[in-house]
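The chain contents come next:
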Amino acid sequence: MTELTIERPNEKQRAMLEARTKHVGFGGARGGGKSWAVRTKAKLLALRYPGIKLLIVRRTYPELINNHIQILRQELRLVGTYNDKDKVFRFRNGSTLHFMYCAKDGDLDRLQGVEYDVIFLDEATQLTEFQMKTITACLRGVNDFPKRIYYTCNPGGQGHGYIKRIFLERRYEPGEDPADYSFIQSLVTDNQALLKRQPDYIKQLEALPEKLRRAWLDGDWDVFEGQFFEDFRSAPDAAKCAAAGLSPEEAAAQGRWTHVRRPFDPPAGWKLYRSFDWGYSKPFSCAWWAVDYDGRLYRILELYGCTRNPNEGVKWTPDEVFRRIREMEDQHPWLRGRSIEGVADPAIWDASGGESIAETAERYRVYFSPGDHKRIPGWLQCHYRLRFDEEGLPMLYVFDTCMAFLRTVPTLVYDETRPEDLDTSGEDHVADEWRYLCMARPLTPKSPVPAVPAPLRWGDPLG
Ligand SMILES: Nc1ncnc2c1ncn2[C@@H]1O[C@H](COP(=O)(O)OP(=O)(O)O)[C@@H](O)[C@H]1O
Ligand SMILES: [Mg+2]
């Protein structure tokens, strides 16, 4: 009989190994022993369930080789064999451990028709939401083996927003069951095995620039390299609440040090706006806003259409879009019978291709004035709105039902070459439409706004 020795897990790794939810998030900082936990869980499942099919994913092939394949081949040499061509390790008991890298969407083609019982996405935040969802769609099979997906992660990277939503913020969309998700945070200080062997590792993390240090040493998901709206807060800052003698729940209920609020019926006297950004081959974004007597904006409703992400439905024609807007305004109790001022991307008046989008809108009695599309002054207006006063009150709130805003705005990053602007290859349609609205009701900041910080470079100095 051959024996497989498994090292002792630390407390956090033990919690990960024992987790039983369908989706398990693990990590949240660097050096927390994540890849070790992935390999260990894979070994335990393979031995416990003869015939189980497991998959480990990393972004690139070299990362897969260095972090997993080489180590596992060595550790498992007595219990099975590795086939390099298929990138699969076959255990003698019939279990298989497959390896896959996904550097670009095209790499997903290899998933045609395959199914797995348990999938490990190691460094999941380096994959996009689309890639994660496409890979995890292969979790199926008619057998009694556990069906589970493990995500190890650090703040930052293209999947940051998605991982943060499902594991840190725990905001769920229709079809997602909160009980299916659990997250175990592991910091480098939880990984004594590493600190014993490499006592300097923690010093390396401490020496990082402030934002990276907060992300990778403290596991702070609200900062990431180059995040454009780093001033946007989806929950109150714990230190600010403590200083004010409030619990985070009380502060959130009072709308202090946060931009996200529970929906309520906007009073009849508040003025209403509709902001709109059209995308010809991209998503459109439409939002309704209420303005309180202090001039504070509340994003109360939205309609967002996506054409690029196949998970989010099909493309609507302009007629369809405005028919739905008309329907919202005729039927929604917050909008019905109210006067609504519209502001939109000035490009919608372009009639060079026949009827302009603005003309289509008018056929549905949806009217707009052209928004001011100066970008830098517009973004400054958005930042002014997000600033908290001494009491922790901002000039803008978003209802927690406005998923398009909450999903896309925090993921936008600075442009590499134009540091005061954002990178327009991101999903920026909500931000654009929000910017047109802010320019329609500009604020004069009471005290000077600090200059927008220049982007730091997203890199991995630790290798
Ligand atoms: N429980 C453990 N016992 C022994 N060594 C461990 C343990 N957990 C992690 N390590 C070692 O610590 C180092 C860092 O762990 P790793 O899993 O690579 O971290 P991460 O993937 O979070 O960056 C690796 O050399 C790993 O083998
Ligand atoms: Mg790792």
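Residues numbered from 1 in each chain as written. Chains lettered and ligands numbered in written order. Predicted model: local features only at pLDDT ≥ 70, side-chain atom pairs only at ≥ 80, totals over all residues. Heavy atoms only, no water.

(A) Just the sheet that holds strand β10 (residues 271-277), in detail. Taken together, seven strands build an open sheet; the order of strands is β9-β15-β12-β11-β10-β13-β14 and the sheet is mixed. Here the strands that pair on one side only, and so sit at the sheet edges, are β9 (260-261) and β14 (369-370). Where β9 and strand β15 (residues 396-399) come together, two bridges link them in parallel fashion. Considered in β15, the bridge of V260 is made with V398. (Pairing = 2+ DSSP bridges. Helix = DSSP H or I, 4+ residues; strand = E, 2+ residues; numbered from the N terminus.)

(B) Seen up close, the packing of helix α2 (residues 34-48) against helix α3 (residues 61-75). Relative to each other, α2 and α3 sit at 45°, their axes nearing to 11 Å. As the angle between them shows, α2 and α3 are arranged oblique. With respect to the hand of their crossing, α2 and α3 are arranged in right-handed fashion. Where α2 approaches α3, its residues S35, V38, R39 and K43 are matched on the opposing element by N67, H68, I71, L72 and E75. Here the contact of α2 with α3 is built from residues that sort into three nonpolar, three polar and three charged. (Axes fitted to C-alpha atoms, helices over the stretch in contact; angles between N-to-C directions. Parallel < 35°, antiparallel > 145°, perpendicular 65-115°, else oblique. Left-handed = near helix turned anticlockwise from the far one by under 90°. Contact = heavy atoms within 4.5 Å. Nonpolar A, V, L, I, M, F, W, Y, C, P; charged D, E, K, R; others polar.)

(C) Layout of the packing of aromatic side chains. Applying the stated criterion across every chain, the model contains 28 aromatic pairs. Ring centres of F167 and Y181 lie 6.1 Å apart, and the angle between their planes is 65°; on these two criteria the pair is classed as edge-to-face. You can see F167 sitting in helix α5 (residues 160-169) and its partner Y181 sitting in strand β8 (residues 181-185), a full 14 residues away along the chain. Residue F167 is classed as buried on the basis of its relative accessible area, which comes to 3%. With centroids separated by 6.0 Å and ring planes inclined at 90°, the aromatic side chains of F264 and W270 adopt a geometry described as edge-to-face. Exposure remark for F264: the relative accessible area of 28% places this residue in the partly exposed category. The class of W270 is buried, set by a relative accessible area of 10%. One aromatic cluster in this structure is built from F264, W270, Y293, Y298, W334, Y397 and F399. (Phe/Tyr/Trp six-rings, centres within 6.5 Å; stacked < 30°, edge-to-face > 60°. Buried < 20%, exposed > 50% of the residue type's maximum accessible area, 1.4 Å probe, protein only.)

(D) Layout of the site of ligand 1. Taken together, 15 residues surround ligand 1, and among them R8, Q13, K34, S35 and W36 come closest. With respect to ligand 1, the backbone of S35 contributes an N or O atom lying 2.9 Å from an oxygen atom. Calculation on ligand 1 without its partners gives an accessible area of 560 Å², and the protein chains cover 79% of this total. Within the residue set of the shell around ligand 1, elements represented by two or more residues are α2 and α6 (192-197). Class assignment of the residues belonging to the shell around ligand 1 gives a composition of four nonpolar, six polar and five charged. (Near = heavy atom within 4 Å. Polar contact = N/O pair within 3.5 Å; in protein donor to acceptor, adjacent residues only side chain to side chain. Areas by Shrake-Rupley, 256 points an atom, 1.4 Å probe, with all protein chains shown as cover.)

(E) Examining the environment of G113 more closely. With respect to the helices, strands and loops of the structure, G113 is situated in the loop between β5 (96-101) and β6 (118-121). Sequence separation of G113 and C138 is 25 residues, and the distance between their C-alpha atoms is 8.0 Å.

(F) Quick peek at the layout of surface pockets. The computed volume of the second largest pocket comes to approximately 900 Å³. Where the lining of the second largest pocket is concerned, the elements lending two or more residues are α5, α10 (248-253), β9 and α14 (403-408). Looking at the lining of the second largest pocket, the element that brings in the most residues is α10, giving four residues. In the lining of the second largest pocket, the residues fall into 13 nonpolar, three polar and 12 charged. Structurally, the lining of the second largest pocket is a two-domain feature, drawing no fewer than three residues from each of domain 1 (11-216) and domain 2 (238-440). (1 Å grid on protein atoms, 1.4 Å probe; cavity = no way out; pocket = protein on both sides within 12 Å on 5 of 7 lines; lining within 4 Å. Points joined across faces, edges and corners; volume = space filled by probe spheres on them. Domains from an automatic or database assignment.)

(G) Molecular detail of helix α1 (residues 11-18). Burial in α1 covers these residues: Q13, M16 and L17. The buried residues of α1 all sit within an arc of 100° when viewed along its axis, so they share a single face. On its buried side, α1 packs onto β1 (23-27), α2, β7 (148-153) and β8. In this structure N10 caps α1, since a side-chain oxygen of it lies 3.0 Å from the backbone nitrogen of K12. (Arc of directions from axis to C-beta.)

(H) Structural detail: the sheet that holds β1. Spatial ordering of the open sheet is given by β3-β4-β5-β2-β6-β7-β1-β8, a layout of eight strands whose pairing is mixed. For this open sheet the edge positions go to β3 (80-83) and β8, each flanked by a neighbour on one side alone. Across this sheet, the average inter-strand angle for adjacent strands is 15°, counted without regard to direction. Where strand β2 (residues 53-58) lies against β5, six bridges are found, and the strand directions are parallel. Looking at β5, one finds that R58 is bridged to Y101. Across the sheet, helix α4 (residues 129-136) lies against β2, β5, β6 and β7, angled at about 160° from β6, the strand it touches most.

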